[in-house]
Amino acid sequence: MSSDSDWAPDAEQRVLDEALRLAPETGWNGRLVARAAAAAGLSKGDAELLLPNGAKDLAALATARHLDRAFSRLEGVDPVSLKVRERIRVAVQAKIEGTVDDGPALRNLAGFLCLPQNLPLALALLWKSADAIWRWAGDTAVDENHYSKRAILSAILATTLAVRMTSGKTAADAHLDARIDNVMAFERWKAGRTRWHLGPEIAVALARVRYGRG
């Protein structure tokens, strides 16, 4: 292993590059991790140190890359100049297109995350993406709205990606617009209601998700 303290980020990206190349043939699994690590020039020990959770860590790296691509696409967009619905629309579109850039490997990754044992990871990664988008859009909510916005956007991200993968960009954009219309209608309804409160058990559980405490 290199003594350079920065070896890990570079190694992660090399392994991920190889994994995306190999996934259509290998599937998203432990074998993929081993083959990708070897192709990236890592020893078995270094691979285990770098990706202790194997294919799950690789999935998290892929999602982080998707977010990086999304925000690269948004570099020329000033969110303050847009209405909130347009901020969310362009950000979701950027995230979806940054994800489908992975090409054929994406189906293997999606299939892996849909396995029952991997659903907690899939939900956590969706929540992280939704949180990043809302923060970019300028959201500062610290009450129940913090959680409802991210939960709703997580669902929008998941379903829009599914439509994009199966029916193409035009269908995905139409689906996204319809879902945003639904959200805006819900927000107008909620604004007209007496302030709503989460039960204490739910509030505690969501706080753990937000702050990463067990």
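Here the residue numbering is sequential within each chain, running from 1 through the sequence in written order. Side-chain atom pairs in this predicted model are given and counted only at pLDDT of 80 or more, local residue features only at pLDDT of at least 70, and totals for whole chains, interfaces and linings cover all residues. For side-chain calculations, the full set of non-hydrogen atoms in the structure is used, while hydrogens and water are omitted.

Here the focus is the overall build of the chain. A run of H or I in DSSP becomes a helix once it reaches four residues, and a run of E becomes a strand once it reaches two; helices and strands are each numbered from the N terminus. Looking only at helices and strands, one finds ten helices and zero strands in the chain. Written out in order from the N terminus, the α and β elements of the chain read α-α-α-α-α-α-α-α-α-α. Relative to its 214 residues, the chain shows a buried fraction of 43%. What makes two residues a contact is simply this: any of their non-hydrogen atoms within 4.5 Å. Restricting the contact set of the chain to residue pairs at least 6 apart, pairs at least 24 apart contribute 70%. Surface accessibility in these figures is a Shrake-Rupley result with a 1.4 Å probe; residues are shielded only by whichever protein chains are displayed. For the chain, the accessible surface area stands at approximately 11600 Å², while carbon and sulfur atoms represent 57% of it. Each residue gets one of three labels from its accessible area relative to the maximum for its type: buried under 20%, exposed over 50%, partly exposed in between, using a 1.4 Å probe on protein chains only.

Turning our attention to the pattern of salt bridges. If the charged atoms of two oppositely charged side chains come close together, the side chains can form a pair. Here, a salt bridge means any side-chain nitrogen of Lys or Arg that lies within 4 Å of a carboxyl oxygen of Asp or Glu. Overall, the coordinates contain 14 salt bridges when judged by the stated rule. Between Asp131 and Arg150 there is a salt bridge, with the nearest N and O atoms lying 2.6 Å from each other. On the criterion of sequence distance, the pair formed by Asp131 in helix α7 (residues 119-136) and Arg150 in helix α8 (residues 144-167) is long-range, its members being 19 residues apart. Judged by relative accessible area, which is 16%, Asp131 ranks as buried. A salt bridge links Asp139 to Arg150; the nearest nitrogen and oxygen atoms lie 3.0 Å apart. With Asp139 in the loop between α7 and α8 and Arg150 in helix α8, this pair connects stretches of sequence that are eleven residues apart. Judged on exposure class, the residue Asp139 and its partner Arg150 are both buried. In this structure, a network of salt bridges that share partners links the residues Asp131, Arg135, Asp139, Lys149 and Arg150.

The next point concerns the nonpolar core. We call a set of buried residues a nonpolar core when its members are Ala, Val, Leu, Ile, Met, Phe, Trp, Tyr or Cys and they connect through side-chain atoms within 4.5 Å of each other. Of all hydrophobic cores here, the largest spans 52 residues; its most connected members are Trp28, Leu58 and Leu153. Excluding residues that lie within four positions of it along the chain, Trp28 makes contacts with Leu20, Ala23, Ala55, Leu58, Ala59, Ala62, Ala105, Asn108, Leu109 and Phe112.

Before going further, it helps to examine the packing of helix α4 (residues 55-73) against α7. Where helices are involved, their axes are fitted lines through C-alpha atoms of the stretch in contact, as for all axes, and angles between N-to-C directions lie from 0 to 180°. Packing of α4 against α7 leaves a shortest axis separation of 11 Å and a crossing angle of 20°. Judged by the inter-axis angle, α4 sits roughly parallel to α7. Relative to α7, the crossing made by α4 is right-handed. Note on element contacts: α7 touches α4 through Leu121, Leu125, Ser129, Ala132, Ile133 and Trp136, opposite Lys56, Ala59, Ala60, Thr63, Leu67 and Phe71. Note on residue categories: nonpolar means Ala, Val, Leu, Ile, Met, Phe, Trp, Tyr, Cys or Pro, charged means Asp, Glu, Lys or Arg, and polar means any other residue, Gly included. In terms of residue class, the contact of α4 with α7 is made up of nine nonpolar, two polar and one charged. Orientation categories follow fixed angle ranges, with anything under 35 degrees roughly parallel, anything over 145 roughly antiparallel, 65 to 115 roughly perpendicular, and all other angles oblique. Whether a crossing is left-handed or right-handed is set by the direction in which the near helix is turned from the far one by less than a right angle, anticlockwise for left-handed and clockwise for right-handed.

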